[in-house]
Amino acid sequence: MKTEIIRVYGIVQGVGFRPFVSREADRLSLAGTVSNKGSYVEIHAQGDEKAVDGLLKALKGNAPERSEVLDVISAHADEPPYAGFEIIESEKEQGDIFVSPDIGICDKCKAELFDSSDRRYLHPFINCTQCGPRLTILDSMPYDRVRTSMNEFPMCESCAKEYENPETRRYDAQPVCCNDCGPEVYLIGTDIKGKAAITAARKAIKEGKIIAVKGIGGFHLCCSASDEQAVKRLRKLKNRPMKPFAVMLKDMETAKRECAISPEQETLLCGWQKPIVLLKKKKGGKLCESVAPDNPNVGVMLPYAPVQLLLFNYDDGIKTPDCLVMTSGNASGAPICRSDEDAVKEISHFCDLMLSHNRKIRLRADDTVTDFWGGRPYMIRRSRGFAPLPIMLSENFGGQVLAIGGELKNSFCIGKKNLFYPSPYVGDMADIRTVNALKESVGRMCELLEAAPAAVACDLHPKYNTVTAAEEMGLPVIKVQHHFAHILSCIAENDYSGKVIGVSFDGTGYGEDGTIWGGELLLCDYSGYERLGSIRPFIQAGGDLSAKEGWRIAASIIGEIFGEQGGDICEKLSVCDKKNFKVLSAMTDRRINSVISTSAGRLFDGVSAILGIRKASTFEGEASMTLQFEAQKYSEEPFADYEPMEKLTAQKETGVTLCTHALVKRLCENRLSGRDTPQLAYEFHALLSDMITAACDKIRSDSGVSVCALSGGVFQNKLLLKMTVARLEKQGFKVLTHSLIPPNDGGIALGQAVYAAKILERNN
Ligand SMILES: [Zn+2]
Ligand SMILES: [Zn+2]
């Protein structure tokens, strides 16, 4: 007879880990206890040696599907005999915390949901130890019902029996409930609830109306995705003319009817995280054009909350569409609504009916959006299902830090030693409501992760709301240059600790010299960076307007290249008329409302205007995205031939400038000579990747560094990404790219956090 005290570290809370241990102990006739310690699970196992070994083996080999065991430490102990094996109340201990993300409904629960003999038949909140809400209902750790928003719903006798019986799937499942004791759905502003509410919502969808539905991490706005009128109306109400809507499709079969799906994409689509996956539309599907206008792709997800499944399938005899638009329920610029109060105030005028429920959402979590590249997910928005899983670095940094993140697509990040926990998506910080949501979420995440940051990291920009928020926290502030933070996030994600040549291409970021940066080549590592190159600077005229109106960038660069002839050329290319060109030139000459910029995002916008693809954008990235789609019409893979350019870079003593003006000049001339738009769009991508590669080559020969890291929102453009990676690898570079951290501004908090942690380490 021996006793071992075993500690299991990793994601072992809220995933049925204690019940699993208890079942294994019973099987092996072990006595003792198991408890949650907040950051780990502690087991006291008493029995013969073989049985204890059996348990250790099972912990590593048979752990529940949703758990992730990172470490098992065991030590011998002398303890009086236990009578049996039991799960004991959670106690709090300090340490590394792993909070489980929310988990999409599992197959067993789905089967029970539609089994008319099951006591949870059609129960909109069905869940078990393997599925259901986690992060979004959690108040604090350790994960127990009393510390979640399920605290308000005492279990009925039948549920309590399952909760206490190790033989059931709901043993120790914190959010367990049923039709008798669980939360309830209802229509906001009426006394219609339960079945009648779901039927009313389904009827509204069928009739082409727009509804709001409260899910796991917030509200969605929803309507039939095969009803052009309904989708157009939603666009009009939301004032969102072109930006694609995500869709929720009934099942995999429907998804395959609508989209081309590779086996890897299928796995991602039906995995427990249930992200929105960007997929190529098929011809002849039922999705109407307005869902994702002028776009070969569409963001698709499968239902992950039971209430969403019920919108597709119910016992009321109504046949609802199998494709639904499911877009975040928020007012433009504001965070996703999570309470009835928010929803009534902010989105009730976008919809005809609001289906809500009384299980409170503690932390917002938008849907995760991911693309697919190189056999892996390529994250666009990392949120529900992924947050707050930490990034683990092999290097142990000092102290605890909070990184407040960027101004657009904000998410923040908490760092503790070698673990970095990115938050769910928060939103764009121009809106005060989002700033408030950020402050609230920071407080909640710090509490959950028991973090007490010693410093806060933020951007350099003097006017950002995130910077003000960081400065108000009363902690030492560490400012991190935007494009440097992008590259740091990429090397941290890859757990790479050496020097890299960072290619940081995005829309906008404040440079050390007060100009706008965004097409940068940085030689850097965790401790700092040197700016060794960029695209050729141009004058960005028109302030904020120039970010939306690419023709202004086009006219400005054309003016710099062709001088007075620029007006003629702009008119011939339909960029703008001579009068507008003159006004713009006068502004740039006198530097009125004009700044020097090396923004690659703006360069793409400008080229989009020059090629007659988009003169302006109704949403961020529209002009550059359509430029990419044009190029893909010409060729995607295998790469097509094109005429190379002689001079790719202007070399400086240390560093390099990309000859982007020469590239634009060539595009203008070729377009004037009547060349095909898709071909020119393709050549722009190809020649730009040639330039990036040549520039990296020059930096390698000066520095000896042969690892490149590609980051920044422009690398959401997969054509540019593919071409650049292929060229760099051909030249013998090792190339680091993103996968689970977004290349866009949603990812920079991780970079800010590792830099701040490095500074703390140095100062200690
Ligand atoms: Zn389940
Ligand atoms: Zn119950």
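Up top you'll find the structure we're talking about.
Cut-offs used in this document
- Residues numbered from 1 in each chain as written.
- Chains lettered and ligands numbered in written order.
- Predicted model: local features only at pLDDT ≥ 70, side-chain atom pairs only at ≥ 80, totals over all residues.
- Heavy atoms only, no water.
- Pairing = 2+ DSSP bridges.
- Helix = DSSP H or I, 4+ residues; strand = E, 2+ residues; numbered from the N terminus.
- 1 Å grid on protein atoms, 1.4 Å probe; cavity = no way out; pocket = protein on both sides within 12 Å on 5 of 7 lines; lining within 4 Å.
- Points joined across faces, edges and corners; volume = space filled by probe spheres on them.
- Nonpolar A, V, L, I, M, F, W, Y, C, P; charged D, E, K, R; others polar.
- Buried < 20%, exposed > 50% of the residue type's maximum accessible area, 1.4 Å probe, protein only.
- Contact = heavy atoms within 4.5 Å.
- Core = buried A, V, L, I, M, F, W, Y, C linked by side-chain atoms within 4.5 Å.
- Donors = N, O, S within 2.8 Å, 3.2 Å for Na, K, Ca; no water.
- Tetrahedral: all angles 85-135°; square planar, octahedral: opposite > 155°, others 65-115°.
- Axes fitted to C-alpha atoms, helices over the stretch in contact; angles between N-to-C directions.

## Quick word on the sheet that holds strand 17 (residues 391-392)
The sheet built from six strands is open, its strands ordered 17-20-19-18-21-22 with mixed pairing. Single-partner strands in this sheet number two, and they are strand 17 and strand 22 (477-479). Relative to strand 20 (residues 419-422), strand 17 runs antiparallel, the two being bridged by two bridges. Bridge assignment links I391 to a residue of strand 20, and that residue is F420.

## Let's talk about empty space enclosed by the protein
Throughout the structure, instances matching the rule amount to seven cavities of 30 Å³ or more. Together, 16 residues line the largest cavity, and G14, V15, G16, Y143 and D172 are the ones closest to its centre. For the lining of the largest cavity, the element with the most residues is helix 1 (residues 17-27), which contributes three residues. Within the lining of the largest cavity, the residues separate by chemical class into seven nonpolar, six polar and three charged.

## Structural notes on the side chain of D605
Secondary-structure assignment places D605 in helix 18 (residues 600-610). Given the relative accessible area of 2%, D605 is considered buried. Each residue touching D605, except ones within four places of it in the same chain, is listed here: A547, G550, R614, A623 and S624.

## Section: the nonpolar core
Formed by 100 residues in total, the largest nonpolar core has its most connected members in I6, F17, I43, L59, I211, L311 and L355. Considering each element in turn, this core owes the most residues, seven residues, to helix 11 (residues 432-448). When near neighbours in sequence (up to four residues on either side) are disregarded, F17 contacts V8, V12, V41, L59, A63, P64, S67 and V69. If you look at the next biggest cluster of nonpolar residues, it comprises 70 residues, including W551, V575, C659 and L720.

## Some remarks on the coordination of the zinc ion (ligand 2)
Taken together, the protein ligands of the zinc ion (ligand 2) are C156 (SG), C159 (SG), C178 (SG) and C181 (SG), with distances of 2.3 Å. Here the zinc ion (ligand 2) binds four donor atoms, and the angle range of 104 to 116° at the metal identifies the geometry as tetrahedral. Positions of the donor residues of the zinc ion (ligand 2), expressed as sequence spacing, correspond to C-x2-C-x18-C-x2-C. Remark: C181 occurs in the loop between helix 4 (157-164) and strand 6 (185-187) and C156 occurs in the loop between helix 3 (107-113) and helix 4; sequence separation between them is 25 residues.

## A closer look at the sheet that holds strand 2 (residues 31-36)
Read from one edge to the other, the open sheet built from five strands follows the order 4-1-3-2-5, with strand pairing classed as mixed. At either end of the open sheet lies a strand with only one pairing partner, and these are strand 4 (68-77) and strand 5 (85-87). In this sheet, adjacent strand axes meet at a mean angle of 15° when their direction is disregarded. Sitting on the sheet, helix 1 is in contact with strand 1 (2-11), strand 2, strand 3 (40-47), strand 4 and strand 5, with an inclination near 175° to strand 5. Strands strand 1, strand 3 and strand 4 of the sheet are contacted by helix 2 (residues 49-61), whose axis makes an angle of about 0° with strand 1.

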